[in-house]
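Descriptive analysis of the structure
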Amino acid sequence: MSQKPEKEQDPNAPVTQLLTPVRLDYTVVAGHHLSQYLRGFAEKRILGARCEGCNKVLLPPRGACPTCGIPTAGIVEVKDQGTLTTYCVISIPFGNMPFAPPYIAGAVLLDGADIPIFHLVRGIEPDEVRMGMRLKAIWKDEAELGPTLESIKWFEPSGEPDADYETYKEHL
Amino acid sequence: MRDIAIIAFAQLPNRRRHTDREEVELVQPVVAEALERVGLNKSQIGFTCSGSSDYLLGRPFSFVSALDSVAPWPPINESHVEMDGAWALYEAWVRLQHGDIETALVYAYGKSSLGSLRDVLSQQLDPYYTAPLWPDAISLAALQARAVLDAGWASERDFAAVAQRNRAQGKRNPNAHQVGDYDVDALVAEPYLVEPLRKHDCPPISDGAACVILATAERARTLVKRPAFIRGIDHRVEPHFLGMRDLTESPSTRLAAERAGAAEGKLDIAEVHAPFAHQELILQRALQLADDVQLNPSGGALCANPMMVAGLTRLGEAANHILRGDAGRVLAHATSGPCLQQNLVAVMEAE
């Protein structure tokens, strides 16, 4: 009986794994405009910035208007209610979900703003949600408010009649 | 080749920290200032190119956020390099050679104050062979400085003299922030930071932003009195693996200078991008600068070193001497990467 030769290591075998962990710590600076925006949420205020070139209110507020390229001209408060310009219904589960599916995510054009923000929509069944619906912000309790968009738990139907398409068609 | 000129340069005063400014708040003021200098508005810009690195801010797509500064809506013709803005300028120069546009705007911004810059810069090294060892930027520069000392043509005292001269010159530059009068004897008596480098041999950490506007010759003449014509511009790269290079020399700089035509006339001023003192000595040899060339009147990167911006700033500072009328022929150099990895040289002249 001949002995089976010892298996030689294949010099061309690929190296399949090389671990090089990278960790870098940053102290993020939100900047002048975004800092005000974030602090606003702790006071139940939603703050945008007006551009004097096109007279639009940017939300979140920014240092410069992307259309005019000029510095924005100060912070303005917008309403915590607005119009649902578009939405989707999330039905497939994935990590970090806020709620069990199905649930609704939407773009809300707040009264006084010219750019919609994205948030969750509750208080209505997915098969009844529609563009143009009027929504109001549902804030967390005073004690839980902080400098984050999460100070608003979600948006709910306000009960007002739907907005006319013409009033938000430029903001889709 | 079409003749292209720098017609405007603007920079934010460099600071150790611009705490209250994010991307747009850094960039918008310098873009506005540069445009105003030549009376152009954004719709008259044919191409926009920027240089920055998202690693510095630790924020993915930071370079897209910054675009709000140049009114990108309706959509503009735009590009970005993950390098110093000097390379964005090179791309804009190439784009202008296409012949269908007359102007280009180049900007760069860097905010190093948010993380540990020494560590962040390790991520530009080879990811398999070098980066896992986490050699930090100052240690790599120190390896290079040691190689220079061992080569025998420079001393630690020579390094200190470079720092002393630049920081004294930087006193006249309101945009520099690490300036002052130092005594070489006192400097060499200081303790080492990373041997053989002392603190004064190293650049400050800076936040900053800058903007340059380029135009074709015909357009440039209608916008400014003395355009800074780019007579030659070239950039070269050396191997990524540091061990393959002779760190005491900069053959990429030498070649880029040759191709840019640096030796084809007398130079009045050279703005050289040497973040570390010994690197200025290496670059001086590679560029073969004559003794009467004024070197880094701005104080250079030893007085303000905003990452991704300091190279573009050398081009802007050099061009400014022609635009203002106090020089006829200037050289600008920019570097990127560890130990002078990549180098760009531009020669500019008045008409």
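None of the values given here were measured: they were computed from a predicted structure.

Things to note about the overall build of chain A
The secondary structure content of chain A amounts to two helices and eight strands. Traced from its N-terminal end to its C-terminal end, chain A shows the element sequence α-β-β-β-β-β-β-β-β-α. In terms of overall dimensions, chain A is more spread out than a globule: its C-alpha atoms have a radius of gyration of 25 Å, far above the 16 Å expected for 172 residues. Viewed in the frame of its principal axes, chain A has a C-alpha envelope of about 90 × 40 × 35 Å. A buried classification covers 25% of the 172 residues belonging to chain A. Within chain A, contacts between residues separated by at least 24 positions form 55% of all contacts whose residues are at least 6 apart in sequence.

Concerning the overall build of chain B
From N to C terminus, chain B includes 12 helices and 12 strands. Principal-axis analysis of the C-alpha atoms places the extent of chain B at approximately 55 × 45 × 40 Å. Out of the 351 residues belonging to chain B, those deemed buried represent 58%. Contacts in chain B between residues far apart in sequence, at least 24 positions, make up 79% of those at least 6 positions apart.

As for the environment of Gly39 of chain B
By the element assignment, Gly39 of chain B lies in the loop between helix 1 (23-38) and strand 2 (47-51). Overall, Gly39 of chain B belongs to the exposed group, with 11 C-beta atoms counted inside 10 Å.

Re the interface of chain A and chain B
With 21 residues of chain A at the interface, the matching set in chain B holds 25 residues. Considering only residue class, the side of chain A that touches chain B consists of 12 nonpolar, seven polar and two charged.

Observations regarding the sheet that holds strand 2 of chain B
Residue and element names in this part refer to chain B. Strand order in the open sheet made by the 10 strands is 3-2-4-7-1-8-12-11-9-10, with mixed pairing throughout. Each end of this open sheet is capped by a strand with a single partner; those strands are strand 3 (78-81) and strand 10 (294-295). Pairing analysis gives three bridges linking strand 1 (residues 4-11) to strand 8 (residues 228-237), with the strands arranged antiparallel. Looking at the pairing, Ala5 lines up with Phe229 of strand 8.

Concerning the packing of helix 4 (residues 85-97) of chain B against helix 12 (residues 310-324) of chain B
All names here are of chain B. Viewed as axis vectors pointing N to C, helix 4 and helix 12 meet at an angle of 60°, and their least axial separation amounts to 6 Å. Relative to helix 12, the element helix 4 lies oblique. Contacts between helix 4 and helix 12 involve Gly85, Ala86 and Leu89 from the former and Gly311, Leu312 and Leu315 from the latter. Each residue belonging to the contact of helix 4 with helix 12 can be placed in one class, and the counts come to four nonpolar, two polar and no charged.

Some points on the sheet that holds strand 3 (residues 75-78) of chain A
Sheet strands line up and pair through hydrogen bonds in the backbone, either parallel or antiparallel. All names here are of chain A. In space, the three strands of this open sheet follow the order 2-1-3, with antiparallel pairing throughout. Edge strands, defined here as strands with exactly one partner in the open sheet, are strand 2 (57-58) and strand 3. Here four bridges tie strand 1 (residues 46-50) to strand 3, and the two strands are oriented antiparallel to one another. Paired with Leu47 across the strands is Glu77, a residue of strand 3. Against the sheet, helix 1 (residues 31-42) engages strand 1 and strand 3, with an angle of about 150° to strand 1.

A look at the environment of Asp201 of chain B
All names here are of chain B. The topology assignment puts Asp201 in the loop between strand 6 (197-198) and strand 7 (207-216). Given 27 C-beta atoms within a 10 Å radius, Asp201 is considered buried. Put simply, Asp201 and Asp126 are 75 residues apart on the chain and 26 Å apart in space, counted from C-alpha to C-alpha. Asp201 has contacts with Phe159, Ala163, Phe276, Ala277 and His278, leaving out every residue within four places of it along the chain.

What to know about the packing of helix 10 (residues 251-260) of chain B against helix 11 (residues 277-287) of chain B
All names here are of chain B. At a closest axis distance of 8 Å, the pairing of helix 10 and helix 11 adopts a crossing angle of 40°. Comparing their axes, helix 11 and helix 10 come out oblique. In terms of crossing hand, the pair formed by helix 10 and helix 11 is right-handed. Where helix 10 approaches helix 11, its residues Thr253, Arg254 and Ala257 are matched on the opposing element by Leu283, Ala286 and Leu287. Looking at the contact of helix 10 with helix 11 residue by residue, the class counts come to four nonpolar, one polar and one charged.

Remarks on helix 1 of chain A
Residues spaced three or four apart along an α-helix point in a common direction, a consequence of the helix completing one turn every 3.6 residues. In a regular helix each residue adds 1.5 Å, so 12 residues correspond to 16 Å; helix 1 of chain A covers 17 Å between its end C-alpha atoms and thus fits that length. All of the buried residues in helix 1 of chain A are Gly31, His33, Tyr37, Gly40 and Phe41 of chain A. Down the axis of helix 1 of chain A, the sector holding all buried residues measures 160°, keeping them to one side. Contacts made by the buried residues of helix 1 of chain A are with strand 1 of chain A together with helix 1 of chain B. Among the residues trailing helix 1 of chain A, Lys44 of chain A stands out with phi positive, at a value near 55°.

Things to note about the environment of Asp114 of chain A
Residue and element names in this part refer to chain A. You can see Asp114 is positioned in the loop between strand 5 (103-110) and strand 6 (117-121). Between the C-alpha atoms of Asp114 and Thr85, which are 29 residues apart in sequence, the distance is 12 Å. Apart from residues no more than four positions distant in its own chain, Asp114 is found in contact with Lys56, Val57, Leu58 and His171.

Describing the confidence of the model for chain A
With 97% of its residues at a pLDDT of 70 or more, chain A has an overall mean of 92. Here helix 2 (residues 165-168) of chain A is the element of chain A with the lowest mean pLDDT, 93, and strand 7 (residues 134-139) of chain A is the one with the highest, 98.

Cut-offs used in this document
- Residues numbered from 1 in each chain as written.
- Chains lettered and ligands numbered in written order.
- Predicted model: local features only at pLDDT ≥ 70, side-chain atom pairs only at ≥ 80, totals over all residues.
- Helix = DSSP H or I, 4+ residues; strand = E, 2+ residues; numbered from the N terminus.
- Rg over C-alpha atoms; globule rule 2.2 N^0.38 Å.
- Buried ≥ 20, exposed ≤ 12 C-beta atoms within 10 Å, placed from the backbone.
- Contact = placed C-beta atoms within 7 Å.
- Nonpolar A, V, L, I, M, F, W, Y, C, P; charged D, E, K, R; others polar.
- Pairing = 2+ DSSP bridges.
- Axes fitted to C-alpha atoms, helices over the stretch in contact; angles between N-to-C directions.
- Parallel < 35°, antiparallel > 145°, perpendicular 65-115°, else oblique.
- Left-handed = near helix turned anticlockwise from the far one by under 90°.
- Expected span 1.5 Å × (residues − 1).
- Arc of directions from axis to C-beta.
- pLDDT = per-residue confidence, 0-100.

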